[in-house]
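Chain residues, written in single-letter form:
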Amino acid sequence: MGEFVKTSLEQAGVGLIRFDRPEARNALNEVVRGELAAAFEQFGADDAVRCVVLAGTDKVFAAGADIKAMAEASAEDMANTGGEAAWQVIRRFAKPIVAAVNGWALGGGCELAMHADIIVAGEGAKFGQPEIRVGIIPGAGGTQRLTRAVGKFKAMQMLLTGEPVSAADASAMGLVSEVVADDQALARALEIASRIARLPPIAAREIKRLVLSGVDKPLDDGLIDERRTFVSMFDTEDQKEGMRAFIEKRRPDFKGK
Ligand code: HXC
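Please read all numbers here as calculations on a predicted model, not as lab measurements. (Residues numbered from 1 in each chain as written. Predicted model: local features only at pLDDT ≥ 70, side-chain atom pairs only at ≥ 80, totals over all residues. Heavy atoms only, no water.)

1. Remarks on the site of the ligand
And step 1. Among the 22 residues in the neighbourhood of the ligand, the closest are listed as Ala63, Ala65, Ile67, Lys68 and Gly108.
And step 2. Contacts to the ligand include Gly108, whose backbone N or O atom sits 2.9 Å from an oxygen atom.
And step 3. The leading source of residues in the shell around the ligand is helix H2 (residues 67-70), at three residues. (Near = heavy atom within 4 Å. Polar contact = N/O pair within 3.5 Å; in protein donor to acceptor, adjacent residues only side chain to side chain. Helix = DSSP H or I, 4+ residues; strand = E, 2+ residues; numbered from the N terminus.)

As structure tokens, this is what we get:
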């Protein structure tokens, strides 16, 4: 349990990571980034956790990197913050991540949300990459993931103007999975995560890996990887359990083996 990042085990198989630094709108300073990485490492190593929900507070997801902490930094200072290592932990996290976004998801906050595999947004959420307004550019995947998510012209508009978009607009452009009432975002994210947690974790991990790696591969290579992985599922106990349970008309009990 960190100063700004709290972890808890929710319904069976669901780990919740919440960052809570409301006085700075959950700005991601070095401590927050380090605690976030530690939380993901903890849940990554815990077999009891099959899916993670990532959330901020009711009013704000995260307002981005901490501007006050980097305002006077040099390029060399920024190269040596170690920030990249924390992002790598989240990027390499193999289990599914569901983000629950309420309020602002700006800059590094929007980039953090885009590290999730499913994004549930409260209707009052706002997403933006305002870095250009403070003289910089996104540094945790904003120019790359946003473009892959929404296409060139929507991404360029957000990145070049720095103007945020509403949850409804984000949904229309494919930046979020689902929009719900503000007070339902976390509950809905937990519900989705608990559904995923009841499903076979090896299949979930492979689906995540294939989707993420496939985006950057030629289609033929992605299809070969998918087919090989599909075949390998038949070496798992969960495949036998899932198909037998279907035939026997009962609920499957997936063990992750
Ligand atoms: C440091 C921040 C902050 C930030 C807010 N605060 N955002 N401090 N870094 N990113 C602080 C404010 O200075 C203020 O401190 C307090 O939080 C409350 O903020 P207000 O602006 O008064 O709140 P509000 O009117 O509710 O507006 C919320 C907001 C706005 C829309 C989120 O704060 C805002 O625009 N923030 C900056 C967003 C931004 O530019 N993000 C991109 C950062 S660059 P005091 O002391 O006055 O109470 C980035 C690069 C990523 O993210 C690179 C990744 C490697």
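2. Thoughts on the sheet that holds strand S1 (residues 5-9)
And step 1. If you walk across this open sheet you meet the six strands as S1-S2-S3-S5-S7-S10, and the pairing is mixed. Bordering the open sheet on either side are S1 and strand S10 (178-180), each of which pairs with just one other strand. In this sheet, neighbouring strand axes are inclined to one another by 20° on average, regardless of whether the strands run parallel or antiparallel. (Pairing = 2+ DSSP bridges. Axes fitted to C-alpha atoms, helices over the stretch in contact; angles between N-to-C directions.)

3. Re the pairing of strand S3 (residues 51-55)
And step 1. Where burial is concerned, most of S3 is hidden: five out of the five residues are buried.
And step 2. Across the two faces of S3 the burial is the same, with Cys51, Val53 and Ala55 and Val52 and Leu54 all buried.
And step 3. The parallel pair strand S2 (residues 14-19) and S3, bridged by helix H1 (residues 30-45), forms a crossover whose chirality is right-handed.
And step 4. Pairing geometry for S3 and strand S5 (residues 97-101), over four bridges, is parallel. Following the sheet pairing, Leu54 is matched in S5 by Ala99. (Buried < 20%, exposed > 50% of the residue type's maximum accessible area, 1.4 Å probe, protein only. Right-handed = clockwise from strand over helix to strand, strands pointing away.)

4. Remarks on H1
In an α-helix, one full turn covers 3.6 residues, which means residues spaced three or four apart are oriented alike.
And step 1. With 16 residues, H1 extends 23 Å between its outermost C-alpha atoms, agreeing within 8% with the 22 Å of an ideal straight helix rising 1.5 Å per residue.
And step 2. Those residues of H1 lying buried are Val32, Arg33, Glu35, Leu36, Ala37, Ala39, Phe40 and Phe43.
And step 3. Sitting at the amino-terminal end of H1 is Asn29, which places a side-chain oxygen 3.1 Å from the backbone nitrogen of Val31. (Expected span 1.5 Å × (residues − 1).)

5. Details of unusual backbone geometry
And step 1. Phi angles above zero are rare outside glycine, and Asn26 is one such case at about 60°.
And step 2. With respect to the element layout, Asn26 can be found in the loop between S2 and H1.
And step 3. Even without being glycine, Lys249 reaches a positive phi, approximately 55°.
And step 4. Inspection of the secondary structure assignment puts Lys249 in the segment after helix H12 (237-247).

6. Brief notes about the environment of Gly162
And step 1. Mapped onto the secondary structure, Gly162 falls in the loop between helix H7 (152-161) and strand S9 (165-166).
And step 2. In the structure, Gly162 is positioned 25 residues away from Ile137 in sequence and 9.9 Å away in space, judged by C-alpha atoms.
And step 3. Sequence-distant contacts of Gly162, that is, excluding residues within four places in its chain, are made with Gln129, Pro130, Ile132, Arg133 and Gln157. (Contact = heavy atoms within 4.5 Å.)

7. Considering the packing of aromatic side chains
And step 1. For the structure on display, the rule yields three aromatic pairs.
And step 2. Relative to Phe61, the ring of Phe19 lies with its centre 5.1 Å away and its plane at 70°, an arrangement referred to as edge-to-face. Remark: Phe61 occurs in strand S4 (residues 60-62) and Phe19 occurs in strand S2; sequence separation between them is 42 residues.
And step 3. Judged by relative accessible area, Phe61 falls into the buried class, the value being 0%.
And step 4. On the basis of an interplanar angle of 70° and a centroid distance of 5.4 Å, the ring pair of Phe230 and Phe234 is categorised as edge-to-face.
And step 5. Taking the relative accessible area as the measure of exposure, Phe234 reaches 36% and is therefore partly exposed. (Phe/Tyr/Trp six-rings, centres within 6.5 Å; stacked < 30°, edge-to-face > 60°.)

8. Brief notes about the environment of Thr161
And step 1. Examined against the element boundaries, Thr161 turns out to sit in helix H7.
And step 2. Of note is the side chain of Thr161, whose polar atom sits 2.6 Å from the backbone oxygen of Gln157.
And step 3. Only 3.1 Å separates the side chain of Thr161 from the backbone nitrogen of Glu163, close enough to count as a polar contact.

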